[in-house]
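Letter by letter, the chains look like this.
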Amino acid sequence: MAAISASLVKTLRDETGLPMMECKTALVEAEGDPERAKDILQKKYKGKMASRASHETGEGRVAIFIADDKKSGAIIELRCETASVAKTDRFVALTATIAQSVAAGDQARPSPESVLAYASTATDGRTLVDEITEVFGLLRENLKLKSCRRISGEHLCGYVHHDGKSAVLIALDAKPDLEQVGVDLCHHVVFANPMAISRDDIPDAAIDKVRKMAQEVAQEEGKPAQIIEKIVAGKVSAFCAQNALMEQEHVKVSKTKVGAVLKQAGVNAVTDVCIVKIGA
């Protein structure tokens, strides 16, 4: 049997992030071949990941990536079992790698399963499933890629809350005159949680629900038919104004709608928005 030196074990540990004894055992089995040892560890931890697949993944982190030209990016949600793991450097780095890899792809709404086969932007010759498996080996918790979106446009802006549990990625039809306008818009979206960009994009089911409730209340109050019609129309309009991004009052600019704030900065439209919140 080939001699397994401490330096060889340490090198494998540095490359995989796995415990020293795990690395030594794999090297012994691989007769000192580091590449074979990596394959052994990959197979071993993939099996362990499968055995933990039923464990609840109620914690996690959202990450975004925006290309240098601000015209493309991605937002992803990676789940884990505990809040402490979601805060580790390895988990945070993994989410960043996944976001960058999704941005490098060509699909706007790839399935999490298909994304696992994407090439990793962090390590040549590896896929995202390889990266996830390696981090699982270190953290020993079930890891699940919950959602991922790729967004493109004339100008992207994004924001991740300090705890990593909520984030937004937005595409605009033009670069704002001031960068802070994009930052403030992201803060507004995370806080106000709009249902759609414009009232025309609000789902019919949501509007029908408001309309039905307003009609029932007005009828119970004995309002005349012509008055009920006006009450219902008013309720629906108010609901749309509260839930359509461009019509919402900007949280950082008092008594001014988001659309007006953007127009003053040279932006006429928000072309895409993706909000992700852990547990939402």
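Residues numbered from 1 in each chain as written. Predicted model: local features only at pLDDT ≥ 70, side-chain atom pairs only at ≥ 80, totals over all residues. Heavy atoms only, no water.

Peer 1: Sorry if this is basic, but what is going on with the sheet that holds strand E5 (residues 166–172) here?
Peer 2: Two orientations exist for strands paired in a sheet by backbone hydrogen bonds: parallel and antiparallel. The strand order across the open sheet built from three strands is E4-E5-E6, with neighbouring strands paired in antiparallel fashion. Since the sheet does not close on itself, it has two edges, and those belong to strand E4 (155–160) and strand E6 (270–277), each with one partner. Shown here is a sheet whose adjacent strand axes are inclined to one another by a mean of 10°, direction ignored. Sheet topology note: the E4/E5 ladder contains six bridges and is antiparallel. (Pairing = 2+ DSSP bridges. Helix = DSSP H or I, 4+ residues; strand = E, 2+ residues; numbered from the N terminus. Axes fitted to C-alpha atoms, helices over the stretch in contact; angles between N-to-C directions.)

Peer 1: Just checking my understanding: could you explain the state of the cysteines for this structure?
Peer 2: A covalent bond between the sulfur atoms of two cysteines is what we call a disulfide. Within the structure shown, the criterion is met by zero disulfides. Among the cysteines around Cys80, which has no disulfide bond, Cys148 carries the closest sulfur, lying 17 Å off. Its relative accessible area of 0% is what places Cys80 among the buried residues. Take Cys148: it sits in no disulfide, and the sulfur closest to it among the cysteines is that of Cys274, at 9.7 Å. (Disulfide = S-S within 2.5 Å. Buried < 20%, exposed > 50% of the residue type's maximum accessible area, 1.4 Å probe, protein only.)

Peer 1: What am I meant to see in the pattern of salt bridges here?
Peer 2: Two side chains that carry opposite charge are able to pair once their charged atoms sit near each other. Taken as a whole, this structure holds twelve salt bridges when the rule is applied. Between Glu59 and Lys165 there is a salt bridge, with the nearest N and O atoms lying 3.0 Å from each other. With a gap of 106 residues between them, Glu59 in strand E1 (residues 59–66) and Lys165 in the loop between E4 and E5 connect regions that are remote in the sequence. By relative accessible area, which is 30% here, Lys165 ends up partly exposed. For Arg79, the salt bridge identified is with Glu77, shortest N-O distance 2.6 Å. Note on Arg79: relative accessible area 11%, which makes it buried. Exposure remark for Glu77: the relative accessible area of 6% places this residue in the buried category. (Salt bridge = Lys/Arg side-chain N within 4 Å of Asp/Glu carboxyl O.)

Peer 1: How should I be thinking about the pairing of E1 in this particular structure?
Peer 2: Regular strands show a simple pattern: their side chains alternate between the two faces of the sheet. One ladder, built from eight bridges, connects E1 with strand E2 (residues 72–80); its direction is antiparallel. From the neighbouring strand, Ile64 faces E2, where its bridge partner is Ile75. Between E1 and E2, which pair antiparallel one after the other, the connecting turn spans five residues, and Lys70 there sits at a positive phi close to 65°.

Peer 1: Which parts of the structure should I look at to understand the nonpolar core?
Peer 2: One broad rule of soluble globular proteins: the nonpolar side chains tend to lie buried together. Residues Ile76, Phe91, Ile98 and Leu143 are the most contacted members of the largest nonpolar core, which totals 35 residues. When residues of this core are traced back to their parent elements, those giving at least two are helix H1 (6–16), helix H2 (20–29), helix H3 (34–51), E2, helix H4 (83–86), helix H5 (89–103), helix H7 (128–139) and strand E3 (144–152). Ignoring sequence-local partners within four residues, the contact set of Ile98 consists of Ile76, Leu78, Leu128, Ile132 and Leu145. One finds Cys186, Ile197, Leu245 and Ala265 within the second-largest nonpolar core, a separate group that totals 17 residues. (Core = buried A, V, L, I, M, F, W, Y, C linked by side-chain atoms within 4.5 Å. Contact = heavy atoms within 4.5 Å.)

Peer 1: What am I meant to see in the sheet that holds E1 here?
Peer 2: Here we have three strands laid out as an open sheet, ordered E1-E2-E3, and antiparallel in their pairing. Two strands in the sheet have a free side with no partner beyond their single neighbour: E1 and E3. On average, each strand axis in the sheet is tilted by 10° relative to the strand beside it, whichever way the strands run. The sheet contacts of H5 involve E1, E2 and E3, and relative to E2 the element is tilted by about 140°.

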